[in-house]
Structure formats: structure tokens, C-alpha cells
Amino acid sequence: MPSMPIMPMNPTPGSPGKSQWTRNLERNPGHSQWYIERWERMRAEGKDIDGEARLIDALAPRGALVLDAGSGTGRVGAELARRGHDVVGIDLDPTLVAYAERTSPGPRWITGD
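Keep in mind it's a predicted model, so treat the numbers as computed, not measured.

Undergrad: With reference to specific residues and values, describe the environment of Glu52.
TA: Here Glu52 shows up in helix α3 (residues 51-59). For Glu52, the residues in contact, after removing those within four places along its chain, are Arg75 and Val76.

Okay, here's the thing in C-alpha cells:
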């Protein structure tokens, strides 16, 4: 599958209230599944995909409550939960939230903006 750029989730001019992610989904309904597969592939290839979680873990006190805003597949929040933090993840994409719930029980996953 071809590589697709990751776009910011901020609303842009000319599309009030719609994020770039929402517009990506409208143009390509398979975008969420592509995004999930991208991270699965990198993990399977042995890539280090936990750097953000290690940074937050180093800065936050053990057991901190962490809000993972724009949690996507739950990759960062799940790793933080494994490291002993109390995590709530929120993402506007229900497909990604469902994936996080299925693959990373423990954190609380919410669909929302």
C-alpha cells in the first residue's frame, strides 16, 4: 500500500469544524485501516515506535493521570499504561478507538473531539 502523509488534525480555512483527518476519511474511507496497518507493519519490522511514551514516562511521576489527546491506535497510551500510568485516550476516529479498545485494554478509550 502506498505511503500517505500524516496530516494535522486542526481545522483548516474553508472547512469550518472539519479536521484534516475528517477530510481524509471523506476522500478515502480506508484511511483509518491504512493508518492501523502502518503502525502494525512498523512494529512487526522491529521499529522503535515507543519513543513518545518513553519521553512522557521519563517526565511524568509514576502513576500519573495522562490524557492522550488524538490517541489514534492507542500506541502511546497503551505503552504508558504498561509503564504504570493511568491513561485516558480520546480520538475523533471511531475505527482507531475501536482498534485501541480491542488491542490495548486497560486505558479508557473515548471517541470524541
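Undergrad: Give a detailed account of the pattern of salt bridges, specifying residues and quantitative values.
TA: Inspection of the entire model under this criterion finds seven salt bridges. Here Arg62 makes a salt bridge to Asp57, at a shortest N to O gap of 2.6 Å. A salt bridge links Glu79 to Arg83; the shortest N-O distance between them is 2.8 Å. Overall, the relative accessible area of 11% leaves Glu79 in the buried class. A relative accessible area of 27% means that Arg83 is categorised as partly exposed. Salt bridges sharing common partners tie together Asp57, Arg62, Glu79, Arg82 and Arg83.

Undergrad: Tell me what's going on with the sheet that holds strand β2 (residues 86-91), and back it up with residues and numbers.
TA: Read across the open sheet, the three strands follow the order β1-β2-β3; overall the sheet is parallel. For this open sheet the edge positions go to β1 (65-69) and β3 (108-111), each flanked by a neighbour on one side alone. Across the sheet, the axes of successive neighbouring strands diverge by a mean angle of 15°, strand direction being ignored. Both β1 and β2 contribute to a ladder of five bridges, which runs parallel. Bridging from a neighbouring strand, Ala69 pairs with Ile90 of β2. Against the sheet, helix α5 (residues 94-103) contacts β2 and β3, and its axis sits at roughly 165° relative to β3.

Undergrad: Please provide a residue-by-residue account of the layout of surface pockets, values included.
TA: One number sums up the size of the second largest pocket: a volume of about 180 Å³. Along its surface, the second largest pocket is lined by Trp39, Glu40, Arg43, Ile49, Thr73, Gly74, Arg75, Ala78, Arg82, Tyr99, Thr103 and Ser104. Only α2 (31-44), α4 (75-82) and α5 provide two or more residues apiece to the lining of the second largest pocket. Here the residues of the lining of the second largest pocket sort into four nonpolar, four polar and four charged.

What counts and how
- Residues numbered from 1 in each chain as written.
- Predicted model: local features only at pLDDT ≥ 70, side-chain atom pairs only at ≥ 80, totals over all residues.
- Heavy atoms only, no water.
- Helix = DSSP H or I, 4+ residues; strand = E, 2+ residues; numbered from the N terminus.
- Contact = heavy atoms within 4.5 Å.
- Salt bridge = Lys/Arg side-chain N within 4 Å of Asp/Glu carboxyl O.
- Buried < 20%, exposed > 50% of the residue type's maximum accessible area, 1.4 Å probe, protein only.
- Pairing = 2+ DSSP bridges.
- Axes fitted to C-alpha atoms, helices over the stretch in contact; angles between N-to-C directions.
- 1 Å grid on protein atoms, 1.4 Å probe; cavity = no way out; pocket = protein on both sides within 12 Å on 5 of 7 lines; lining within 4 Å.
- Points joined across faces, edges and corners; volume = space filled by probe spheres on them.
- Nonpolar A, V, L, I, M, F, W, Y, C, P; charged D, E, K, R; others polar.

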